Amino acid sequence: MPERSEPGFRRRVGPPSRRARVALLTLGVLAVLFLLFVMFAGFWTDWLWFKSVHFSSVFTTQLWTKTGLFAVFGLLMAVIVGFNIWLAHRLRPPLSAMSVEQQSLDRYRAGLAPFKRWALIGISLVIGLVAGAAASGQWRTWLMWTNSTSFGEKDSQFGMDVSFYAFDLPFYEFVLGFAFSAVIVSLLTSALVHYLYGGLRLQGPGRRASVGAQGHLAVLLGVFVLLKAVAYWLDRYALAVKTGSYKGVSGWTGLRYVDANAFLPAKTILFFVAIICAVLFFLTPIRRTWAPALIGLGLMVLSAVLIGGLYPAIVQQFQVKPNEQAKETPYIQKNIDATRQAYGIADAQTTQYTPQGTTNADALKPDAQTVADIRLLDPNVVSPTFQSLEQQRNYYAFPSTLDVDRYGTGQGKQDSVIGLRELDLNGVQRNWINDHFKYTHGYGAVAAKGNQVDDKGQPVFTESGLPATGTLGDYQQRIYYGEKTTTYSIVGGANKEIDYTDPKTGQNAEYTYSGGSGVSLDNPLTRAAYAVRFSEPQILYAGAITDGAKVIYNRTPKERVEKVAPWLSIDADPYPVVQDGRVLWVLDGYTTSDGFPFSSKTTLGAATKDSLTNQRGELLTVANQVNYIRNSVKATVDAYTGEVKLYQWDDKDPVLKTWMKAFPGTVEPKADIPQGLLPHLRYPQDMFKVQRDLLGQYHVTDANSFFNGSDIWQVPVDPTSDTKQVQPPYYVTVRMPDTSTASFSLTSTFVPNQRPNLAAFMAVNADPGDDYGKIRILKMTGESGAPGPGLVQSKFNSRQEVANQIFALKSGGDAELEYGNLLTLPVGGGLLNIEPVYVRGRGAKYPTMQKVLAVYGDDNVAFEDTLEAALKKVFGGTPPSTTPTVPSNPGTGTTPTNPTTPTAPAPGGTISPELQKALSDAGKAYNDSQTAFKNGDWVAYGNAQKALGDALKAAEAARGGSPAPAPGGTPAPGATGGGSPSPQP
């Protein structure tokens, strides 16, 4: 007998021992419990987060809507499929025909017999779970349908309100798709059961289908065909939002001639054919023959081919093509009108503009403020400069692209470049305590004048230092929520965070967060849930987490707003605002739809991409392809507390009204926007880029011209970037020729299709007010020959004297040039192009502005050290013979009859010290403007004009609201009942 250790011995393998079975069972139970807790942790932490930001209703509304859809449609699918399986089993023949086929099925029937009930329940539940999960993903469709708001506008083809296409039709299509799925699954499972139990046979003599199987399957096929009839009817309306490609528009939407005159009647005919075919299927159990139903089905298929396919092709070939322009013009016009309305460009104002090659002092007078506010500081270039000069500590950083905002009041309002000093953990020794307990926040805002640099080419800071000081006043400087803050922090309790390092002493100041945001970690269950969520077991037992500690996460502004408003698409560029003692992130939210009839669709990701996309971040949206968009919400996130506020900005938008019904109480009225915040709101970039993308073709409002396609514009490629992407829009202060004053605007240019010259200049008023959102387009006349941005850059690079200076700036290759934003501005009856040029020496951490390029007309090119010198060269320094315009009231301008300095009232009146100072300031500003005007220094002239406006406004206030004396002692226009001259800047 061989020993156990000898070769050839085979150990008997028996069932596992009782101890092994218990161990395996325990491991299985523990694994299931762990998976359940992981699921619970995600749900529980989400609920706690929504509760902490006071948007718990958003969480519950989504939860109950998804749960309800899952339960209703999942149960409905399970019942429908289960009933049909049961019915197929109930209709099985009592005896199976004796055949080889049926004998082979006997063993399957016998094996299934003890488990038939459980099999029925299991199959139904699995199919129901799948259907329920798919239905729960349609929660937006359900909420939009149940809370639908009328647009108050009807489509031009069917006379249906736009809300039918935006809210109702998507839900009907979802229900129809669900019904098709239920019938198809029921048909397949029923056929399988009938086959298994002999109701359907593939072999043997006699009938291939029993009476019960024939009747059951015929009814299901009849229901399927009946649903097809409903689909044909809905397809009629879907033609109004059908997307294709036409006349170079890839997202062309709406009916064309062949749709209205071939497809539409074809769908109507097929609707009736399908109903007749369905009736024939329903009669099959009575007539006990498939022939009529199958003939009807064949006729329906043939009709679909002939009427739905061949006939439209014939109409297109023999009616449309011979006279396409006449046939398609009415439908092109419908598309133009709907597209312009849906994208908010219907009121865009287009003006013919012939830019002059030269200008004079008189023509430049109205544009003094535009010239004075020309932005030299490119927010996309100077981030390294802010980083080097104002980082202060390695654990702070600025975003790669800074923001442009306005600070100051009245005429003293000035474009500024601003950035927040945010936390950067790459600058510290990385460990769990440092990452999540010690280094938790950034500190302070840094701002600089947009239109100035110092003698070294560096920004002129208006807010700087650590802690920051300057013109922004006192505010809470700690930045716990920011664009670069992507990790969680545990704050509060006894935790002492590193607040900032004092630059004078080098000592770390400590701070304990008291902002009130975050989720408490006092509950052990909550700590365990967050340990799972963040995959960090130390959260369970770390002694650093004391009583009162809270965890803060989801800390980027965009992330917070997208979470509390999942129905919004958020602009890619949040920007900080310092107001009322707080730092607020401002975000623009868009409501979108893809159901606006006849409006062409656009892909948001493609329309908003430009040369700065990678720096700003791409637009993330719940709907990529849209044909309706509104900037309906202005959102704010407090950089210290993380508080999220949503404000209704567009009170006419029916899509927003629908979502406000679905999530009541989440969006506050427009009147609740803080007055200190309102002046900082601006027109959003992504909205503007979508509109300019559409205006490339849809600036043409005449259908015949649109058909010819001879006037298509493109956004030019950014000549200052190597990305080969289009030029981004720029925020500048500019006066359009039809307005009297300059305003903060968002601007862009167009070039003709495949040509480099300038086609148009586009600007939208970005300042909140009556003119907010007004789009103005200056369309270059054919004889203008104005150069586009690419030609301007080429003109600059091709000048020999400029090339020599560039070589000198590069120091023989030891330095690099960085071109700033190329700004195009309508000034003095022509077009002024300004581009700051930055130089980064070898080993330098940041660039400095060393030169300014100015191009005016064809031959006026300047490459000078300062903006003043460049403008003087391109404009010419010869003083005009006329007297300059001096504003008599802030924001207006008149020509005084006796240009002397302002004086006090006539003897006998008393003036306060405040009034005396204001008049003195006005006199100085007036004299400064005269001197600058004579010297051709347009920047100084514009600044003096603004200072004069401020002084006169102060004088009015000092006199109790009465108009201040005008220069020369003459009362200001408007002080009497007489009319005042036309205002100028």
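Structure: above.
Residues numbered from 1 in each chain as written. Predicted model: local features only at pLDDT ≥ 70, side-chain atom pairs only at ≥ 80, totals over all residues. Heavy atoms only, no water.

## A short note on the layout of surface pockets
As a volume, the largest pocket reaches approximately 1,000 Å³. Every element with two or more residues in the lining of the largest pocket is listed here: strand S23 (628-638), helix H20 (654-662) and helix H21 (685-698). Ranked by residue count, the leading element in the lining of the largest pocket is S23, at 3 residues. Its residues assigned to classes, the lining of the largest pocket comprises 13 nonpolar, 7 polar and 12 charged. When its volume is computed, the second largest pocket comes out at roughly 670 Å³. Looking at the second largest pocket, it is lined by 28 residues, and the ones nearest its centre are Thr602, Ala607, Asp693, Leu694 and Gln697. At the level of secondary structure, the elements contributing two or more residues to the lining of the second largest pocket comprise strand S2 (249-253), strand S21 (602-603), helix H18 (604-607), H21 and strand S25 (713-714). Looking at which element gives the most residues to the lining of the second largest pocket, the answer is H21, with 7 residues. Of the residues contributing to the lining of the second largest pocket, the split by class is 12 nonpolar, 11 polar and 5 charged. (1 Å grid on protein atoms, 1.4 Å probe; cavity = no way out; pocket = protein on both sides within 12 Å on 5 of 7 lines; lining within 4 Å. Points joined across faces, edges and corners; volume = space filled by probe spheres on them. Helix = DSSP H or I, 4+ residues; strand = E, 2+ residues; numbered from the N terminus. Nonpolar A, V, L, I, M, F, W, Y, C, P; charged D, E, K, R; others polar.)

## Quick word on empty space enclosed by the protein
Where empty space is left in the structure can be found by rolling a water-sized probe over the atoms. In the structure shown here, the tally under the stated rule is 4 cavities of 30 Å³ or more. When its volume is computed, the largest cavity comes out at roughly 150 Å³. As for the largest cavity, its lining consists of 18 residues, and the residues nearest its centre are Pro379, Asn380, Val404, Gln685 and Tyr731. Secondary-structure elements contributing two or more residues to the lining of the largest cavity are strand S5 (403-407) and strand S26 (730-734). Split by residue class, the lining of the largest cavity holds 8 nonpolar, 4 polar and 6 charged.

## Comments concerning the side chain of threonine 733
Mapped onto the elements of the fold, threonine 733 is located in strand S26. Threonine 733 sits in the buried class, given a relative accessible area of 6%. Here the side chain of threonine 733 touches aspartate 415 through a polar contact of 2.9 Å, side chain to side chain. In this structure threonine 733 touches Gln369, Thr370, Asp373, Asp415, Ala742, Ser743 and Phe744, once residues within four positions along its chain are discounted. (Buried < 20%, exposed > 50% of the residue type's maximum accessible area, 1.4 Å probe, protein only. Polar contact = N/O pair within 3.5 Å; in protein donor to acceptor, adjacent residues only side chain to side chain. Contact = heavy atoms within 4.5 Å.)

None of this, on its own, says anything about what the molecule does.
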